[in-house]
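A structural walkthrough
Spelled out from the first residue to the last, the chains are:
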Amino acid sequence: MDRVECQKIIESLRYGKPPEGYTHLLTVGRKKEINRLLKILSEESKSYLVEANYGVGKTHLLEFIKEKALELNFVTSLISLDSSSEARFNRMDQIFGQICRNIQVPKNNQKSVRYLFDSLFDLNNQNKPESKEYLIKISNNNKWNENHFLKSEAMYIAVRAWKFSYENGHNIKIDSLIEDWLFNPFNYYTQRKYLYTELIAKLKKWFNDSRPEWKFYDTNEGIFNFQIKGYSQSWDALHDLYTISIAAGYKGLILLIDEFEDVIYNLKKINYQQDAFWNLFEFFLKKRFPGIAFFAVTPGFVKKCKELLYFKGIFDEDYLSKFDMLEKIELSPLTSKDLVELSEKIISIYSNAYQWNINSEVKKKIKEICIESSNIAIEDRVRQTIKEIITVLDQEMSKSS
């Protein structure tokens, strides 16, 4: 790493956490859990709960998984649930929108479904035999007139329009419309005519979509609607994102969902909570999304879910038993020894950032901070220790100058 990168890391560590993209450099301990995660990324296609107390590192681990997955040539999307905004897990159209907004492809620090679409039509990918085969299927043998391969008609329309925009130097209006539509599908349920005009009618010089115009406006057909029929098109479009990731030459799509406890504490209506739980089950049953998904939760999550449902009068044992199938990865807290190892990494980065040779006395003082960290409440231990290390380094460097 150069000095600028090191300084960027240190500035973020002043707030107790590494910057995005550098989490793997500051991950210590938990070798058993990390080896299991790496094995999952290499060999499996399942969903997991990532279980740890607040402040113990669930979010850090999701970032670590994301970075490793990108390194292994997966597409990723890390989202955080928030019932007060447009990220409620009972609303799969909202979740789909957040996933599109946070999609990240390998070797690209920016996030958006647009970069996945660009990868699909990149000539380097199209020249690969497996990508060619997928594109022939998606395009109906390069005719782009009918969809016989993707599960979602909406996703097919978006991909088709993106292709002709991409090949004609990127039409900003088309690209921005597709991006905003997929980010916020719920904002377009009353704009079916506009979507039809911009993404189909105006592009017909490149393809022949023989369907009558009324089919695109019909509420029962739901071609532009991600909400009807139990959010079936949201699920189908999510499945298509996985397919498109493979077609673009990647290993698949990995989803990481943070703050899943939001479902328990901030979704107020029982029917919303039940819908959210059913959506969770769908990921573990592998019926609607073929990729890997990780959900960050606190210890006893399953027990808390069952108690909530009992309290609200839900006693269906067949339904409640589905919580028992949720496989989990439990994170142990970092030890003082782990924090000493972390401090050594921070010292090395700090030294490079400010071209300062840190002496043994300073290193000893920082090691003592890590050992004494066992007296700090577990939920604050890591962040507070990191901030204290940076403070000591700042003070000692100031003295030496």
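Scroll up to find the structure this text is about.
Residues numbered from 1 in each chain as written. Predicted model: local features only at pLDDT ≥ 70, side-chain atom pairs only at ≥ 80, totals over all residues. Heavy atoms only, no water.

Moving on to the packing of helix α17 (residues 336-354) against helix α18 (residues 360-372). Between α17 and α18, the shortest axis-to-axis distance is 8 Å and the interhelical angle comes to 145°. Between α17 and α18 lies a crossing of right-handed hand. Residue-level inspection shows Ser336, Leu339, Val340, Ser343 and Ile347 of α17 in contact with α18, the latter providing Lys363, Ile366, Lys367, Cys370 and Ile371. For the contact of α17 with α18, the residue count by class is six nonpolar, two polar and two charged. (Axes fitted to C-alpha atoms, helices over the stretch in contact; angles between N-to-C directions. Helix = DSSP H or I, 4+ residues; strand = E, 2+ residues; numbered from the N terminus. Left-handed = near helix turned anticlockwise from the far one by under 90°. Contact = heavy atoms within 4.5 Å. Nonpolar A, V, L, I, M, F, W, Y, C, P; charged D, E, K, R; others polar.)

Bringing unusual backbone geometry into the picture now. Of note in the backbone geometry, asparagine 73 takes a positive phi value of approximately 80° without being a glycine. The residue asparagine 73 is located in the loop between α3 (58-71) and β2 (75-80) in this model. Here the phi dihedral of tryptophan 144 falls at roughly 55°; this positive angle occurs in a residue that is not glycine. Along the chain, tryptophan 144 turns up in the loop between α7 (129-138) and α8 (153-166). Exposure remark for tryptophan 144: the relative accessible area of 3% places this residue in the buried category. (Buried < 20%, exposed > 50% of the residue type's maximum accessible area, 1.4 Å probe, protein only.)

The six strands lie next to each other as β3-β2-β4-β5-β1-β6, forming an open sheet whose pairing is mixed. In this open sheet, the two strands that pair with only one neighbour each are β3 (103-104) and β6 (328-330). The pairing of strand β1 (residues 47-51) with β6 spans three bridges and is classified as parallel. Looking at β6, one finds that valine 50 is bridged to isoleucine 329. (Pairing = 2+ DSSP bridges.)

Here we come to the pattern of salt bridges. Here the structure, examined in full by the defined rule, presents 26 salt bridges. Salt-bridge contacts for glutamate 63 lead to lysine 66; the nearest nitrogen and oxygen are separated by 3.6 Å. On the criterion of helical spacing, the pair formed by glutamate 63 and lysine 66 is a turn pair, its members being three residues apart in helix α3. A relative accessible area of 4% places lysine 66 in the buried class. (Salt bridge = Lys/Arg side-chain N within 4 Å of Asp/Glu carboxyl O.)

Turning to the side chain of asparagine 90, a few remarks are in order. You can see asparagine 90 is positioned in the loop between β2 and α4 (92-101). A relative accessible area of 5% means that asparagine 90 is categorised as buried. Excluding residues that lie within four positions of it along the chain, asparagine 90 makes contacts with Tyr231, Leu267, Tyr272, Asp275, Ala276 and Asn279.

Quick look at the packing of aromatic side chains now. Counted under the stated rule, the structure contains 34 aromatic pairs. Summarising the aromatic geometry, the rings of tryptophan 144 and phenylalanine 164 are spaced 6.4 Å apart at their centres and angled 75° between planes, so their arrangement reads as edge-to-face. Remark: phenylalanine 164 occurs in helix α8 and tryptophan 144 occurs in the loop between α7 and α8; sequence separation between them is 20 residues. When the ring of phenylalanine 260 is compared with that of phenylalanine 295, the centres are 5.2 Å apart and the planes differ by 80°; the resulting orientation is edge-to-face. With a gap of 35 residues between them, phenylalanine 260 in the loop between β4 (253-258) and α13 (262-265) and phenylalanine 295 in strand β5 (residues 292-297) connect regions that are remote in the sequence. By the burial criterion, phenylalanine 260 is buried, and phenylalanine 295 matches it. Each member of the aromatic cluster is reached from another via a ring pair, and the members are Phe89, Trp235, Tyr242, Phe260, Phe283, Phe284, Phe289, Phe295 and Phe301. The cationic tip of lysine 137 hangs over the ring face of tyrosine 134; the distance from NZ or CZ to the ring centre is 5.9 Å. Lying across the ring of phenylalanine 164, lysine 163 places its NZ or CZ 5.4 Å from the centre. (Phe/Tyr/Trp six-rings, centres within 6.5 Å; stacked < 30°, edge-to-face > 60°. Lys NZ or Arg CZ within 6 Å of the ring centre and 35° of its normal.)

This paragraph deals with the environment of phenylalanine 289. Relative to the helices and strands, phenylalanine 289 is located in the loop between α14 (270-285) and β5. Sequence separation between phenylalanine 289 and leucine 78 is 211 residues, and the spatial gap between their C-alpha atoms is 16 Å.

Let's shift gears to α17. The end-to-end C-alpha separation of α17 is 26 Å, in line with the 27 Å expected for 19 residues at 1.5 Å each. Restricting attention to buried positions, one finds in α17 the residues Asp338, Leu339, Val340, Leu342, Ser343, Ile346, Ile347, Ile349, Tyr350 and Ala353. Here the buried face of α17 lies against α1 (3-13), α18 and α19 (381-400). (Expected span 1.5 Å × (residues − 1).)

Moving on: the packing of helix α5 (residues 113-121) against α8. At a minimum axis separation of 10 Å, α5 and α8 run at an interaxial angle of 65°. For the pair α5 and α8, the crossing hand works out as right-handed. Contacts between α5 and α8 involve Arg114, Phe117, Asp118, Leu120 and Phe121 from the first element and Met155, Ala158, Val159, Trp162, Lys163 and Tyr166 from the second. Across the contact of α5 with α8, the residue classes break down as eight nonpolar, no polar and three charged.

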